[in-house]
Each structure stands twice: as structure tokens, then as C-alpha cells.
Amino acid sequence: MINYDNLMARDFADVERRYTEQDCILYALGLGLGAPENPRHLSAVFEGAADFAALPSFVNVLGVPPFWARDPSTGITWQQIVHGEHAFTLHAGVPSRAGIVGRTRLTGIVDKGAGKGALIYTEREISSAQGQRLATVSSTLFARADGGFGGPRGPLNAPLNTMQPVPDRAPDVFHDFATSPRAALIYRLSGDMNPLHADPALAARAGFDRPILHGLCTMGIAAWCIPMALRAGDFTALTHQEVRFSAPVYPGETLRTEIWTEGDDVRFRARVLERDVIVLSHGRARLT
């Protein structure tokens, strides 16, 4: 069972990492990019491309602490954790090679009640090794089996609490993306080694037909599709993205990112075409 005070006081060690163009490319391949005939794909997967750059959503896998929820002292049933919401904001461009430091902290825990799970809010600041602030990453984890521990019932004054549904009208534009059946197996090499995304037996025990795609992989695909539709493929234009994970994606399915433009904001959601299921909702993005 979760001990609220102990978990809120958890101290996360700084995560220092040096990455290169190869790490940026591996991340892009994990999303499913790699069509050699498409020059925009080459900009993300070939270091020799004239406009090669790290994808903005690459910050989602930088400076992440080890799978801390698996530590028995947390009281979390880690096998039942799913990603609920996520956001990142860039404060500077993402270098294609750099040394970085990630500093993570818990910002709140909400007890939804016995049988209803718990929400765990985290925030991660990513800085260069020289101290330049690069990005802020916020996340909500849904601990499905861990409600009823006597903690605060919420709501919290958390950044992701302001998320709104997409407009009630047809999207202005959409962009389709076919995921690879191997997507989760490649994406996990960028850091999220949760066996839920690779082990059929564990996925079945968690209530899924087969291993599911990482929510952050689905989010990264949407982060690719939005500038493809609105900025003629200039993916470096994306500076902010936030989303709610509303349903799982299975590797090999086709994602349609539906997009609305509203002033300075871009609103979006994503659906799986094969099952007509909304898998990302409450999406918002900003482009320069």
C-alpha cells in the first residue's frame, strides 16, 4: 500500500546522461520513422542530412530516472501502472548531441478511493551539463490498483489539470501514420523497459490482448504528424505538447492525428483507424 508521506518525500537522484546523434536516430526509429524516400524522415534518422535535428519529443526520454515505481518501498503495484497524461515544454532547442541533467520530483498524489486507483504527478527539469534550461516535462501516472490508502482526494493545482477537450466540430486537417508491429520493441530501447510493452504474459495479466505501444510513443507520433500537417514538415517548430492517454494502441495499428487550429494553439486528438478508438485526447500543442 502507498505510504503518502514517504512517497512524497522520495528523493530522486539527478540523472546525468550524454547522448549523440545515434540516440536521436534510435528514438525516431522507435516512433516508426525511416522511409528513405521521404526527405522529412531522413531529417530525423540520417545524421548526414543537411537539416538533421533531434525531434522535439525526444526530451520525453531524457533524464528519466530508473523504473522507480518497481521499488517495493513505494507501495505501488507497478504491474498495474499506466500513463495517464503527459506534457513537455521546450525552453531552448534540443541539441542533436549533448550532456544533460534530469531532475525529477513528485508534485502530488491523489487517492481516487478503494478500487478506483491513484494519480501520481511528477515533474522533470532537463538542463544541459552547462546549466542551460532545456525543457520541463510533466506527467500523470495512473496506479490502477492502489487507491484507498488514505491520501488526499484532490483535485491538485497541477499543470495538467487545465486540459480541455478538442473543439466540437470537424477537424481542420488530419495526418495518418501506420505504426510498425515492432514499434514497442524498438521504442523501449530509448529507455522505457517496462515489460508490459514486450511480454505477452504480463500484458495479459494487466488486462491487454497483447503488449501495448508506449503512450509516449503514440504521443511522439502525434508530435511528428502535427508539423507535417501544419508546417510543411518542419518538426523543429513544435515547442509544447500536452495530451491525455485515453486508450491503448497495439503495435501495427494506424493512427490518425486530427488537428484543429485555434489562435496560437493547436488542438488535437488521435484515433486508431482499425478500431475507431480515440487513443489520445485533450491534446494541445504550440508551434513557432
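Notes on the structure follow. (Residues numbered from 1 in each chain as written. Predicted model: local features only at pLDDT ≥ 70, side-chain atom pairs only at ≥ 80, totals over all residues. Heavy atoms only, no water.)

**Digging into the sheet that holds strand S8 (residues 254-262)**
Adjacent strands of a sheet form backbone hydrogen bonds with each other and so pair up, either parallel or antiparallel.
So, point 1. Read from one edge to the other, the open sheet built from ten strands follows the order S1-S3-S4-S5-S2-S7-S10-S9-S8-S6, with strand pairing classed as antiparallel. In this open sheet, the two edge strands, each paired with only one partner strand, are strand S1 (15-19) and strand S6 (173-178). Ignoring which end each strand starts from, the neighbouring axes of this sheet average 20° apart.
So, point 2. Direction of pairing for S1 relative to strand S3 (residues 98-111): antiparallel, over a ladder of five bridges. Directly across from Tyr 19, in S3, lies its bridge partner Ala 98.
So, point 3. Along the sheet face, helix H6 (residues 215-230) touches strand S2 (81-90), S6, strand S7 (238-245), S8, strand S9 (265-272) and strand S10 (277-287) and points at about 55° away from the line of S8. (Pairing = 2+ DSSP bridges. Helix = DSSP H or I, 4+ residues; strand = E, 2+ residues; numbered from the N terminus. Axes fitted to C-alpha atoms, helices over the stretch in contact; angles between N-to-C directions. Contact = heavy atoms within 4.5 Å.)

**Some details on the packing of helix H2 (residues 21-31) against H6**
Two quantities define a packed helix pair, namely the angle between the axes and the distance from one axis to the other.
So, point 1. Running from amino to carboxyl end, H2 crosses H6 at an angle of 95°, the nearest separation of the two axes being 9 Å. Classed by the angle they form, the pair H2 and H6 counts as roughly perpendicular. Where H2 abuts H6, its residues Tyr 27, Gly 30 and Leu 31 lie against Cys 217, Gly 220 and Ile 221. (Parallel < 35°, antiparallel > 145°, perpendicular 65-115°, else oblique.)

**Notes on the nonpolar core**
So, point 1. Core analysis: the biggest nonpolar cluster contains 59 residues, and Leu 55, Phe 58, Val 59 and Trp 224 have the highest contact counts within it.
So, point 2. Per element, the largest residue contribution to this core is ten residues, and it comes from H6.
So, point 3. Setting aside chain neighbours within four positions, we find Leu 55 in contact with Tyr 27, Ala 28, Leu 31, Leu 33, Ala 44, Trp 224 and Phe 235.
So, point 4. Core analysis: the next-biggest nonpolar cluster, separate from the first, contains 16 residues, Leu 7, Leu 106, Ile 109 and Leu 202 among them. (Core = buried A, V, L, I, M, F, W, Y, C linked by side-chain atoms within 4.5 Å. Buried < 20%, exposed > 50% of the residue type's maximum accessible area, 1.4 Å probe, protein only.)

**Some details on the pattern of salt bridges**
So, point 1. If you walk through the whole model with that rule in mind, you get 17 salt bridges.
So, point 2. Here Arg 256 ties to Asp 176 by a salt bridge, and the two come within 2.7 Å at their closest N and O atoms. Placement of Arg 256 in strand S8 and of Asp 176 in strand S6 is noted, with a sequence separation of 80 residues between them.
So, point 3. In this structure Asp 176 comes out as partly exposed when scored by relative accessible area, which is 32%.
So, point 4. We note a salt bridge from Arg 269 to Glu 258, for which the minimum N-O separation is 2.5 Å. You can see Arg 269 sitting in strand S9 and its partner Glu 258 sitting in strand S8, a full eleven residues away along the chain.
So, point 5. The exposure class of Arg 269 is partly exposed, given its relative accessible area of 23%. (Salt bridge = Lys/Arg side-chain N within 4 Å of Asp/Glu carboxyl O.)

**Side note on the environment of Leu 7**
So, point 1. Checked against the element boundaries, Leu 7 lands in helix H1 (residues 4-8).
So, point 2. Here the alpha-carbon distance between Leu 7 and Gly 108, two residues 101 residues apart in the chain, equals 9.6 Å.
So, point 3. Setting aside anything within four residues of it in sequence, one finds Leu 7 in contact with Ile 2, Trp 68, Thr 74, Ile 76, Leu 106 and Ile 109.

This is a description of form; function is not addressed.
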